[in-house]
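Listed here are the chains, written in short residue letters.
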Amino acid sequence: MESEKHFQGYSSRLGDYLFPGEDFYDSEARHFVSELLAREGDTSTPQAFLILLDTFTPEMVQHKIDNPDWSTVQTVSRWENTTKKLIRQRTEQRFAAELAAAHPSGRK
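Residues numbered from 1 in each chain as written. Predicted model: local features only at pLDDT ≥ 70, side-chain atom pairs only at ≥ 80, totals over all residues. Heavy atoms only, no water.

Let's talk about helix 3 (residues 46–55)
The set of residues buried in helix 3 consists of P46, Q47, F49, L50 and L53. End-on, the buried residues of helix 3 take up no more than an arc of 160°, which puts them together on one face. Away from the buried face of helix 3 by more than 90 degrees, exposed residues I51 and T55 are located. In the core, the buried residues of helix 3 are packed alongside helix 1 (13–18), helix 2 (24–40), helix 5 (72–94) and helix 6 (96–102). (Buried < 20%, exposed > 50% of the residue type's maximum accessible area, 1.4 Å probe, protein only. Helix = DSSP H or I, 4+ residues; strand = E, 2+ residues; numbered from the N terminus. Arc of directions from axis to C-beta. Contact = heavy atoms within 4.5 Å.)

Structural notes on the nonpolar core
Among the nonpolar cores identified, the biggest contains 16 residues, and F19, V33, L36, F49, L53, W79 and I87 are the most heavily contacted of them. When contributions to this core are tallied by element, the ones reaching two or more residues are helix 2, helix 3 and helix 5. Sort the elements by how many residues they give to this core and helix 2 lands first, with 5 residues. Not counting the four nearest positions on each side in its chain, F49 is found in contact with L14, V33, L36, L37, T43, I87 and T91. (Core = buried A, V, L, I, M, F, W, Y, C linked by side-chain atoms within 4.5 Å.)

A closer look at the pattern of salt bridges
According to the stated counting rule, one finds 8 salt bridges in the structure shown. Residues participating in the shared-partner salt-bridge network are D54, R88 and E92. (Salt bridge = Lys/Arg side-chain N within 4 Å of Asp/Glu carboxyl O.)

Concerning the packing of helix 2 against helix 5
For the pair helix 2 and helix 5, interaxial distance at closest approach is 10 Å and the crossing angle is 80°. As summarised for this structure, helix 2 and helix 5 are arranged roughly perpendicular, according to the angle between their axes. Between helix 2 and helix 5, the residues in contact are F24, Y25, D26, E28, A29, F32 and V33 and R78, W79, T83, L86, I87 and R90, respectively. Broken down by class, the residue content of the contact of helix 2 with helix 5 amounts to 8 nonpolar, 1 polar and 4 charged. (Axes fitted to C-alpha atoms, helices over the stretch in contact; angles between N-to-C directions. Parallel < 35°, antiparallel > 145°, perpendicular 65-115°, else oblique. Nonpolar A, V, L, I, M, F, W, Y, C, P; charged D, E, K, R; others polar.)

Here's the deal with the packing of aromatic side chains
For the structure on display, the rule yields 4 aromatic pairs. Aromatic pair F24 and Y25: ring centres 5.3 Å apart, planes at 80°, arrangement edge-to-face. Overall, the relative accessible area of 49% leaves F24 in the partly exposed class. Taking the relative accessible area as the measure of exposure, Y25 reaches 46% and is therefore partly exposed. With a centroid separation of 6.0 Å and an interplanar angle of 80°, the aromatic rings of F56 and W79 are classed as edge-to-face. Of the two residues, F56 is situated in the loop between helix 3 and helix 4 (59–66) and W79 in helix 5; the sequence distance between them amounts to 23 residues. With respect to burial, F56 and W79 carry one shared label: buried. An aromatic cluster of three or more residues is present, and its members are F32, F56 and W79. Of note, R94 hangs over the ring of Y17, and the distance from its end group to the ring centre comes to 5.3 Å. (Phe/Tyr/Trp six-rings, centres within 6.5 Å; stacked < 30°, edge-to-face > 60°. Lys NZ or Arg CZ within 6 Å of the ring centre and 35° of its normal.)

Here's what the structure looks like:
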């Protein structure tokens, strides 16, 4: 039986800005934004952040993939279909002007 894995906690100003709430979804998304920045390096633009987000897999999710159990499918699905989309949506909302300026045609 595998012992419980503990993951490092992360925090960032961007994570706090995008997800200021204290509910589960905001807390999880805030942590994943902060983990992405800590592992991949700070990004200077919202576009660069969204590019990194496309290929980023949080440590907790990767651990589930590498060590599957009964909850692996739910964990991976929640990341891909809920949390990752929520991070992208909130980033696009909060940085709409910067993203529009980077894409003058209005297309992302």
